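Understanding the architecture of this molecule
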Amino acid sequence: EYDGAPAAQVVIDDVTAERTAGSDSHGNVARGNAFTGPLLDSIDSVFFVFEVGAGLIDWNDRVEAVTGYDAETLAGAPPSLFLPEAYHTRAEADIETILDGGSVRYDGEILTIEDERIPYELHVASYENPDGQRFAVGIGQEIRERVERAAQVRDPKEQLETVVEHFP
């Protein structure tokens with residue numbers, strides 16, 4: 001009531017500033033959370049979010065450290081920026097899997113700004129927000145040591161001969 005008569009009040013507020021204020025220095029909304037951002041930056045894995053059709057929209061500090069790309073280059077970058085050409089066909093198939101709501105996991109390589117290939121185990125899953133936007137959310141762990149150990153594995157017969165030869 002206002003002055004004894006029925007009344008209604010409608011308040012419309014532009015929340016753009018609040019939404020962007022929650023962004024970090026890269027403009028990334030997901031990491032803007034005061035709790036989540038530092039957590040994602042503290043892990044020794046790369047963390048990234050691609051919006052389907054828009055490219056990379058979020059990442060932790062490890063992505064910049066590993067790839068050598070700066071925030072300006074990363075913002076909106078397609079997945080192919082980080083993948084050697086040999087993985088592009090696989091990535092296209094993976095995108096289809098993610099668009100269908102699935103997830104993918106594979107051992108591959110991340111390509112740096114200096115064309116260095118770093119072995120990584122990548123896990124990428126589909127996420128759809130309440131507005132229906134589809135995202136690919138991923139995490140990757142460097143597996144250089146595992147790859148090097150696998151390359152050093154010798155023929156099983158040769159391993160057995162070595163064990164027998166050195167067994168007292």
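Along each chain, the written sequence defines residue order, and numbers are assigned to residues from 1. Two thresholds apply to this predicted model, a pLDDT of at least 70 for residue-level local features and 80 or more for giving and counting side-chain atom pairs, whereas whole-chain, interface and lining totals are computed over all residues. Excluded from the side-chain calculation are hydrogens and water; included are all heavy atoms of the structure.

What about the overall build of the protein?
- Helix and strand assignments come from DSSP, with helices taken as H or I runs of at least 4 residues and strands as E runs of at least 2, each series counted from the N terminus. From N to C terminus, the protein includes seven helices and five strands.
- Reading the protein from its N terminus to its C terminus gives the helix and strand order α-α-β-β-α-α-α-β-β-β-α-α.
- Taking all 168 residues of the protein together, the buried fraction comes to 31%.
- Note on definitions: a residue-residue contact is assigned when non-hydrogen atoms from the two residues lie within 4.5 Å. Residue pairs at least 24 apart in sequence account for 40% of intrachain contacts in the protein once pairs closer than 6 positions are excluded.
- Of the accessible surface of the protein, which amounts to about 11,200 Å², a share of 53% is contributed by carbon and sulfur atoms. When accessible area is computed with a 1.4 Å probe and restricted to protein chains, residues below 20% of their type maximum are described as buried, those above 50% as exposed, and intermediate ones as partly exposed. In this description, accessible areas are obtained by the Shrake-Rupley approach with a 1.4 Å probe, and a residue is regarded as covered only by the protein chains that are shown.

A look at the pairing of strand β3 (residues 103–111)
- Here, strands pair whenever DSSP counts at least two bridges between them. In this sheet, strand β4 (residues 117–128) lies alongside β3 in antiparallel orientation, the contact comprising nine bridges. Among the inter-strand pairings, Arg105 is bridged to a residue of β4, identified as His123.

Some thoughts on the pattern of salt bridges
- Salt bridges are defined by distance alone: a side-chain nitrogen of Lys or Arg within 4 Å of a carboxyl oxygen of Asp or Glu. Applying the stated criterion across every chain yields a total of 10 salt bridges.
- Note that Asp107 and Arg146 form a salt bridge whose closest N and O atoms lie 3.5 Å from each other. Separated by 39 residues along the polypeptide, Asp107 in strand β3 and Arg146 in helix α6 (residues 144–152) bring together distant segments of the chain.
- On the basis of relative accessibility, which here comes to 38%, the residue Asp107 falls in the partly exposed class.

Describing the sheet that holds strand β2 (residues 55–59)
- What the five strands build is an open sheet, ordered β2-β1-β5-β4-β3; its pairing is antiparallel. The open sheet has two free edges, formed respectively by β2 and β3, since each of these has just one partner strand. Sheet twist, expressed as the average angle between the axes of neighbouring strands with direction ignored, equals 30 degrees.
- Under this scheme, a helix contributes an axis fitted over its contacting stretch, all axes are lines through C-alpha atoms, and angles between N-to-C directions fall in the 0 to 180 degree range. Along the sheet, helix α5 (residues 88–99) makes contact with β3, β4 and β5 (134–142), crossing β3 at roughly 145 degrees.
- Along the sheet face, α6 touches β3, β4 and β5 and points at about 125 degrees away from the line of β4.

So, the confidence of the model for the protein
- On average, the protein scores 81 in pLDDT, and the residues at 70 or more come to 83%.
- Helix α1 (residues 16–21) is the least confidently modelled element of the protein, averaging 50 in pLDDT, while helix α3 (residues 61–67) averages 94, the highest of any element.
- pLDDT under 50 marks residues 19–27. Its contacts with residues more than four places away, or in other chains, come to 15 contacts. Confidence of the predictor in every single residue is expressed as pLDDT, which spans 0 to 100.

Re the environment of Asp58
- As for its placement among the helices and strands, Asp58 is situated in strand β2.
- Taking the C-alpha atoms as reference, Asp58 lies 9.8 Å from Ala71; in sequence the two are 13 residues apart.

Focus on the packing of aromatic side chains
- Geometry of aromatic contacts follows a simple scheme: Phe, Tyr and Trp rings, the Trp one being its six-membered ring, pair when their centres are within 6.5 Å, and the pair is stacked under 30 degrees between planes, edge-to-face over 60, tilted otherwise. Applying the stated criterion across every chain, the model contains four aromatic pairs.
- Plain terms: the ring middles of Tyr69 and Phe82 are 6.1 Å apart, the flat faces sit at 85 degrees to each other, and that makes the pair edge-to-face. Of this pair, Tyr69 sits in the loop between α3 and α4 (71–74) while Phe82 sits in the loop between α4 and α5, placing them 13 residues apart in sequence. By the burial criterion, Tyr69 is buried, and Phe82 matches it.
- In this structure an aromatic cluster arises from ring pairing among Phe48, Phe50, Tyr69 and Phe82.
- Ring-over charges, as used throughout, are those where CZ of Arg or NZ of Lys falls within 6 Å of the ring centre and within 35 degrees of the ring normal. A cation sits over an aromatic face here: Arg90 above Tyr106, 3.9 Å from the ring centre.

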